[in-house]
Amino acid sequence: VPSAGGARGPTVPGAGTGPLRAGGSFTRLQMVDDEQRFSDELPAYMQHKWGLSDVGFDYNMVAVFGSQSTGKSTLLNRLFGTRFDVMDEGNRQQTTRGIWADRGTDAMPVLILDVEGTDGRERGENQDFERKSALFSLAIAEVLIVNMWETMVGLYNGANMGLLKTVMEVNLQLFGADREGRTLLYFVIRDHVSTTTLESLAATLRKDMERIWDGLSKPAGMEDTRLSDFFDLKFTSLPHKLLQPEKFEQAALTLRKQFTDKAAAGYVFRPGYKRGVPADGFPHYAQAVWEKVVSNKDLDLPTQQELLAQYRCDEIAAAALAPFRAAIEPLRPRVREGEIVRELGEVARGAREQALGGFDEQAARYHADVYKKKRAAFVQTLDGELHSLALNQVKNAQSQAADRFASESHRALEDAAAKASAEGAVSAEHSFSVVVGGVRRRMTEWFGGIVKSLAIEGAGWSLESEVKQLESMLDATTAKLRVAEMERTLAQLRRNAQDALGEVIADRMGSPGDGMWAGVMAGFDEAVEQAEAQLRQRMELAEVGGAEQRQQLVCKLRRSVWEAMVESLREEVADQMVLLKLRGALEDRFRYDENGLPRVWLPSDDIDAQFAQARTAAQALLPLLSRIETSASRVLPDPSAAGAGSFFPAGFSAERSLTLIPAGRARELAKRFGREADALYLEAKRAMVTTQNH
Ligand code: GDP
Ligand code: MG
């Protein structure tokens with residue numbers, strides 16, 4: 001054994017000491033040994049054994065990937081003239097685990113990596129070395145030969161696709177962001193003996209690869225990358241080496257050309273696959289990649305114990321979940337239909353406790369970390385289901401509480417209003433806030449009880465926000481009820497004011513004359529002040545918030561009393577009423593003397609002059625009745641002043657609103673009154689003539 005190979009770098013038997021062996025083969029190096037140590041002899045090999053130190057970028061990297069004993073080493077030796085160990089049937093244990101490197105023969109400046117390992121899956125060991133070496137190969141090779149039997153195509157596990165997925169995933173994480181150079185994945189399908197065409201086999205593999213890529217968890221920022229961003233795919237197949245030895249050799253030779261002959265069809269190496277590492281820097285680069293691979297935690301595989309724990313914990317959880325669901329499920333449709341299921345909380349807690357107890361009893365025996373993780377996941381599953389159910393029930397209770405609050409408050413307020421009107425005053429006991437507050441307390445207590453009954457200790461959820469939500473629902477309803485209550489109060493105060501004003505108006509307008517409007521306005525002021533005082537008291541009791549809101553209500557009340565007064569006034573100046581008043585005034589002056597005694601006309605009396613005087617006086621009342629005179633009021637703003645419109649109703653114009661009898665109607669009434677007066681005059685004349693005749 002030549003000394004350059006070292007203890008960990010055995011040479012092929014019969015190897016020479018110089019760079020070139022007899023037969024054109026070079027000396028191979030165990031680049032990584034079976035204890036995952038990186039050889040420090042790589043620089044020496046590059047320089048002395050392989051003559052690759054001075055080639056700059058003019059060399060290529062090829063590696064191979066695939067299950068054990070699929071003829072990888074055999075193929076590499078055919079293609080590159082290397083002498084990697086080939087396992088022969090009688091001598092299964094002879095090959096030494098590790099990553100082997102060699103140079104292609106003669107003028108071929110290609111470095112080839114062959115991975116030799118134990119087949120982890122078959123032996124039930126972990127795949128640690130397989131993963132690391134594959135990750136290393138993928139990272140540094142320009143072309144990665146993916147080797148598999150034809151019969152493995154489409155078989156995820158058999159073709160080692162699972163490993164490939166893991167390796168691509170980690171590759172993306174470790175090298176993705178600053179990855180230099182793409183990689184050609186060259187699928188070589190061995191023992192192609194069936195009638196399935198290469199195209200169809202390739203299509204299957206291509207689909208598998210796309211699916212693997214879609215399923216990869218990609219680092220942040222690389223979520224949208226595509227397989228083709230990093231990899232080219234190429235496919236070929238070889239005949240059966242034992243059944244069709246000649247054809248196999250022939251095909252291997254053709255394939256060899258693709259790696260050696262730049263002019264050959266399908267030449268595999270492209271500038272885009274290069275890692276940009278000059279040959280003299282390669283040893284350092286390769287070692288750095290290997291260190292990165294070795295120290296990567298993502299590749300740490302679970303131990304056999306952990307695998308077993310995972311498997312069993314899942315099984316135990318599934319078994320414990322069944323009775324849990326059996327207990328819970330019957331309640332679900334009832335809750336969904338809106339029923340408040342009283343026993344829900346108790347059933348939930350019982351089922352949860354039993355499920356967890358059952359899980360703990362069996363699962364706690366297994367690998368502690370796995371058990372802890374699986375338990376947390378199991379708790380999350382249980383609590384997730386319980387939460388949705390509890391939430392459903394709480395939502396039902398919430399809307400019931402809100403509905404009942406609205407309807408029961410409404411009823412209670414009506415009762416209180418009836419009692420208040422029977423007692424003639426609103427006492428604090430029947431006030432809005434006390435009545436509504438009482439209903440609210442009942443509702444929140446009921447709801448709180450339901451929330452409490454659903455609580456589960458240790459569950460990662462709470463129903464706090466639903467409680468808060470109900471409060472704001474009730475707040476909104478309360479605000480609405482309060483508005484309605486204030487509307488009701490306003491209407492009632494208006495009625496009261498109208499009653500009081502009606503008397504004043506009837507009294508004052510019954511005998512119109514000087515001071516009439518001052519009297520009406522005094523009545524108005526009093527009615528407004530009284531209503532306002534009551535309103536302030538009621539607002540206090542109903543806890544109407546905000547000075548602005550209160551001021552608005554006061555303003556509304558004043559307007560409303562004003563409208564009530566105008567309404568009564570208009571009734572008072574209906575045609576017949578006006579004529580009645582004018583005739584009354586005329587008669588008062590003409591038919592009765594200063595002492596209120598009926599006149600008896602004597603021939604000496606100047607009946608014409610008397611009549612004319614009385615009629616003028618009566619007619620003078622018509623303009624007085626035609627327009628409201630507001631100047632005597634203390635509470636009314638000057639109707640013609642700027643801003644008065646904000647007090648008076650919408651669309652207010654002083655001219656229109658203060659006019660009770662428009663000019664046209666007034667003329668008509670004057671005419672009718674004139675005729676009635678004439679009749680009165682004639683009657684008086686006739687009476688005098690009759691008197692004279694007696
Ligand atoms: P490796 O573990 O993938 O490197 O496989 P080897 O190259 O060591 O070969 C394993 C066994 O498969 C040996 O007995 C080879 O003779 C045999 N072998 C190699 N190539 C082929 C092939 O193309 N077809 C068949 N059927 N057997 C092969
Ligand atoms: Mg091998």
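Every chain is numbered on its own, with residues counted from 1 as its sequence reads. To label them, take the chains in the order written and letter them from A, then take the ligands in the order written and number them from 1. This being a predicted model, a pLDDT of at least 70 is required before a residue's local features are given, and a value of 80 or more before pairs of side-chain atoms are given or counted; all residues contribute to the totals for chains, interfaces and linings. Note that the side-chain values use all heavy atoms of the structure and ignore hydrogens as well as water.

Secondary structure follows DSSP: runs of H or I at least 4 residues long count as helices, runs of E at least 2 residues long count as strands, and numbering of each begins at the N terminus. Secondary structure assignment for the chain yields 22 helices and seven strands. Taking 694 residues into account, the globule formula puts the C-alpha radius of gyration at 26 Å, and the chain, at 54 Å, lies well above it. Principal-axis analysis of the C-alpha atoms gives the chain an extent of 180 × 60 × 50 Å. Looking at the chain as a whole, 46% of its 694 residues qualify as buried. In this description the radius of gyration comes from C-alpha coordinates, and the expected globular size is given by 2.2 Å times residues to the power 0.38. For every residue, the accessible area obtained with a 1.4 Å probe (protein chains only) is divided by the maximum for its type, and the residue is called buried under 20%, exposed over 50%, and partly exposed between those limits.

Right, let's get into the side chain of Ser237. Among the structural elements, Ser237 can be located in strand 7 (residues 231-237). By definition, residues are in contact when any of their heavy atoms lie within 4.5 Å. When near neighbours in sequence (up to four residues on either side) are disregarded, Ser237 contacts Ile189, His192 and Leu198.

With that settled, consider the site of ligand 1. A molecule or strand has a residue near it when one of that residue's heavy atoms lies within 4 Å. Close to ligand 1 lie 17 residues, the nearest being Ser69, Lys72, Ser73, Thr74 and Asp191. Pairs of N or O atoms are called polar contacts if they sit within 3.5 Å, as long as, within protein, a hydrogen donor faces a hydrogen acceptor (for residues adjacent in sequence, only side-chain-to-side-chain pairs). In this structure, an oxygen atom belonging to ligand 1 sits 3.0 Å away from a main-chain N or O atom of Thr70. His240 is positioned with one of its side-chain polar atoms (N or O) 3.5 Å from a nitrogen atom of ligand 1. Using a 1.4 Å probe, the Shrake-Rupley method yields the accessible areas, and only the shown protein chains count as cover for residues. If ligand 1 stood free it would expose 580 Å²; the protein chains cover 89% of that surface. In terms of residues, the shell around ligand 1 owes the most to one element, helix 2 (residues 72-80), which gives three residues. All amino acids are sorted into three groups, where Ala, Val, Leu, Ile, Met, Phe, Trp, Tyr, Cys and Pro are nonpolar, Asp, Glu, Lys and Arg are charged, and the leftover types, Gly among them, are polar. Its residues assigned to classes, the shell around ligand 1 comprises four nonpolar, eight polar and five charged.

For the rest of this paragraph, the subject is the coordination of the magnesium ion (ligand 2). Here the magnesium ion (ligand 2) is held by the protein donor atoms Ser73 (OG) and Glu116 (OE), which lie 2.0 to 2.7 Å from it. Placement of Ser73 in helix 2 and of Glu116 in strand 4 (residues 110-116) is noted, with a sequence separation of 43 residues between them. Looking at Ser73, the relative accessible area reads 9%, which means it is buried. Classification of Glu116 by relative accessible area gives buried; the value is 7%. Keep in mind that water is not among the atoms, so a site may look incomplete; donors are the N, O and S atoms within 2.8 Å of the metal, or 3.2 Å for Na, K and Ca.

The buried count for strand 7 comes to six of seven residues, which makes it a mostly enclosed element. Any two strands between which DSSP finds at least two bridges are classified as paired. The sheet contact formed by strand 6 (residues 183-190) and strand 7 spans seven bridges and is parallel. Each residue of the ladder has a partner; that of Thr183, found in strand 7, is Phe231.

Moving on, we come to the domain arrangement of the chain. Domain delimitation in this document rests on an assignment produced automatically or drawn from a domain database. Structurally, the chain comprises domain 1 (3-299), domain 2 (304-462), domain 3 (480-572) and domain 4 (573-694). Computed over C-alpha atoms, the centres of domain 2 and domain 4 are 79 Å apart.

Before going further, it helps to spend a moment on the pattern of salt bridges. Within this document, salt bridges are pairs made up of a side-chain nitrogen of Lys or Arg and a carboxyl oxygen of Asp or Glu, the two lying within 4 Å of each other. Taken as a whole and assessed by the stated rule, the structure comprises 40 salt bridges. Where Arg375 meets Asp360, a salt bridge forms, and the shortest distance between an N and an O atom there is 2.7 Å. Placement of the pair is Arg375 in helix 13 (residues 368-423) and Asp360 in helix 12 (residues 344-363), with a sequence separation of 15 residues. We note a salt bridge from Glu532 to Arg558, for which the minimum N-O separation is 2.8 Å.

The criterion for an aromatic pair is that two Phe, Tyr or Trp rings (for Trp, the six-membered ring) have centres within 6.5 Å, with stacked assigned to planes under 30 degrees apart, edge-to-face to planes over 60 apart and tilted to the rest. Applying the stated criterion to the full structure yields 17 aromatic pairs. With a centroid separation of 6.2 Å and 20° between ring planes, the pair formed by Tyr186 and Phe259 is classed as stacked. Residue Tyr186 is found in strand 6, and its partner Phe259 is found in helix 8 (residues 245-260); the two are separated by 73 residues along the sequence. Here Phe259 falls in the buried class, since its relative accessible area comes to 2%. Considering the side-chain rings of Trp213 and Phe231, the 6.3 Å spacing of their centres and the 75° angle between planes classify their relative orientation as edge-to-face. Remark: Phe231 occurs in strand 7 and Trp213 occurs in helix 6 (residues 198-215); sequence separation between them is 18 residues. By relative accessible area, which is 2% here, Trp213 ends up buried. Residue class for Phe231 comes out buried when judged on its relative accessible area of 4%.

For sheets, the rule is that strands pair by backbone hydrogen bonds, running either parallel or antiparallel. Within the open sheet, the seven strands sit side by side as 1-3-4-2-5-6-7. Their pairing is mixed. Of all the strands in the sheet, just strand 1 (29-32) and strand 7 have a single pairing partner and so form its edges. Neighbouring strand axes in the sheet, compared pairwise and without regard to direction, differ in orientation by 25° on average. Relative to strand 3 (residues 98-103), strand 1 runs antiparallel, the two being bridged by three bridges. A fitted line through C-alpha atoms represents every axis, and for helices the fit uses only the stretch in contact; the resulting angles, taken between N-to-C directions, go from 0 to 180 degrees.

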